[in-house]
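# Architecture and fold: a report
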Amino acid sequence: MIVPRLTIATTATAVPMGAQAYQRHVASRARDALDALANPGEHWRVRETVARSLRSPLPGTLRLPMGWLRGASPRARAAVGRVAYAGGGLVHRMDLELPPAPREVVTLHDVVAWRWADESAPVAAAAQELRRAAAVVCVSAFTASEAVELLGLEDPVVVPNGVEDRYFGAQPLASAALAALGVDGPFVLTAGGASGRKNLAALAEAWPRVHASRPDVTLVLAGPPHPRRTELFSGLPGVRLVGRVSDDVLPGLYAAASVVVVPSLVEGFGLPALEGMATGVPVVASDRSSLPEVVGDGGLLVEPTGTALADGVLDVLAGGSDVETMAARGLERARGFTWEASARGHAAVWRAAAG
């Protein structure tokens, strides 16, 4: 019997975000996906390694000097990796801050750390380590092309993310729950971060025009508190900043929206657009970066300017059969982005990398 080994390496995080959802969904499906592709007599052993810093109170399987590792030399990081993953076989490293393994697959969600000054600085050795990996998984063709151009990677493998089943058929939040968030009546929703690439400045430019035409509609912004978001929108009429919304509430918030808008200049994948499509809500998204790959003809793609965003949102708010048909296409398109399909794509990469 052939018993190849796979170690999935992640980091413990107090506030899980999109990257942590990716890790959870792929790791939980890894064994089944590998079994589905296995040859007779091939039985994979899969283990998960969760690293945390030396003083972290978070649960995990090993402790590492995470702060030191960010700036350590490639040689020093490699030495730590040899100890951390000893006996683990092929390692899939899902966080660039983790030390590299002797033979590994690495996930690259985006290259914004190298492109945008207001994002976290890249790990010093990350680009070199990515070039040495047996395989690099990118979540979109856009990210893959950026990795080739900026980091010098060769042949990264594109494996798209999925969307959670709970978004399909999600029931809109009840009026009482919306009222608790300060939302009353129809609303436009945007969810996510507030860094420069999220292009909230263009949405802030667009909103006064939308509100002037549709004063009955509120703009709801969901996401962790951020001074940029507050500065841009606190003085605008018809705006509600609801902060970070819990995972169990988020599908219902999407489903209750009249429009989901994703104005980003750069997304590694674009999960908020996919989540909006999965709930059957019309989506207006920027025609930049990976968003056209995800949205396709299932949403309205516009230039990421204040004028174009305002036009797009007003067109969708006007409703009609064209908007209903677009939303139906979006829902059907979203059904193709499953975590099961993503896990199968990862399993094919693991088997190829393991030889």
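Everything here concerns the structure above.
Residues numbered from 1 in each chain as written. Predicted model: local features only at pLDDT ≥ 70, side-chain atom pairs only at ≥ 80, totals over all residues. Heavy atoms only, no water.

Where helix α11 (residues 271-278) meets helix α14 (residues 321-334), the axes come as close as 7 Å, and the angle between the chain directions of the two elements is 110°. With respect to their mutual orientation, α11 and α14 come out roughly perpendicular. At the point where α11 passes α14, the crossing takes the left-handed sense. Between α11 and α14, the contacting residues are Leu274, Met277 and Ala278 on the first element and Gly330, Leu331, Arg333 and Ala334 on the second. Residue composition of the contact of α11 with α14, grouped by class: 5 nonpolar, 1 polar and 1 charged. (Axes fitted to C-alpha atoms, helices over the stretch in contact; angles between N-to-C directions. Helix = DSSP H or I, 4+ residues; strand = E, 2+ residues; numbered from the N terminus. Parallel < 35°, antiparallel > 145°, perpendicular 65-115°, else oblique. Left-handed = near helix turned anticlockwise from the far one by under 90°. Contact = heavy atoms within 4.5 Å. Nonpolar A, V, L, I, M, F, W, Y, C, P; charged D, E, K, R; others polar.)

Two modes of strand pairing occur in sheets, parallel and antiparallel, and in both the strands are linked by backbone hydrogen bonds. Here 6 strands make up an open sheet; going across it, the order is β10-β9-β8-β11-β12-β13 and the pairing parallel. Each end of this open sheet is capped by a strand with a single partner; those strands are β10 (239-243) and β13 (300-302). The sheet shows a mean angle of 25° between the axes of neighbouring strands, taken without regard to direction. With 5 bridges connecting them, strand β8 (residues 187-191) and strand β9 (residues 218-222) associate as parallel partners. Paired with Leu189 across the bridge in β9 is Val220. (Pairing = 2+ DSSP bridges.)

Take the pairing of strand β4 (residues 90-93) next. The alternating pattern of β4 places Leu90 and His92 and Val91 and Arg93 on opposite faces, both of which are buried. Pairing of strand β1 (residues 5-11) with β4, which is carried by 4 bridges, proceeds in the parallel orientation. Paired with Ala9 across the strands is Arg93, a residue of β4. Note that β4 and strand β5 (residues 104-108) share 3 bridges and pair parallel. (Buried < 20%, exposed > 50% of the residue type's maximum accessible area, 1.4 Å probe, protein only.)

Bringing unusual backbone geometry into the picture now. With a phi angle near 55°, Asp155 is a residue other than glycine that sits in the positive phi range. Looking at where Asp155 falls in the secondary structure, it is placed in the loop between α6 (141-151) and β7 (157-158). On the basis of relative accessibility, which here comes to 69%, the residue Asp155 falls in the exposed class. Not every positive phi belongs to a glycine, and Asn199 is a case in point at roughly 60°. By relative accessible area, Asn199 is classed as buried at 9%.

So, about the side chain of Ser289. Topologically, Ser289 is positioned in the loop between β12 (283-286) and α12 (291-295). A polar side-chain atom of Ser289 sits 3.0 Å from the main-chain amide nitrogen of Glu267. Among residues more than four places away in sequence, those in contact with Ser289 are Phe142, Leu265, Val266 and Glu267. (Polar contact = N/O pair within 3.5 Å; in protein donor to acceptor, adjacent residues only side chain to side chain.)

Now for the environment of Leu64. In this structure, Leu64 sits in the loop between β3 (62-63) and α2 (66-71). For Leu64, a relative accessible area of 6% translates into the label buried. The residues touching Leu64, leaving out its near neighbours within four places in the chain, are Ala51, Arg52, Ser53, Leu54, Leu69, Val80, Ala84, Leu98 and Pro99.

In short, shape yes, function no, at least from these values alone.
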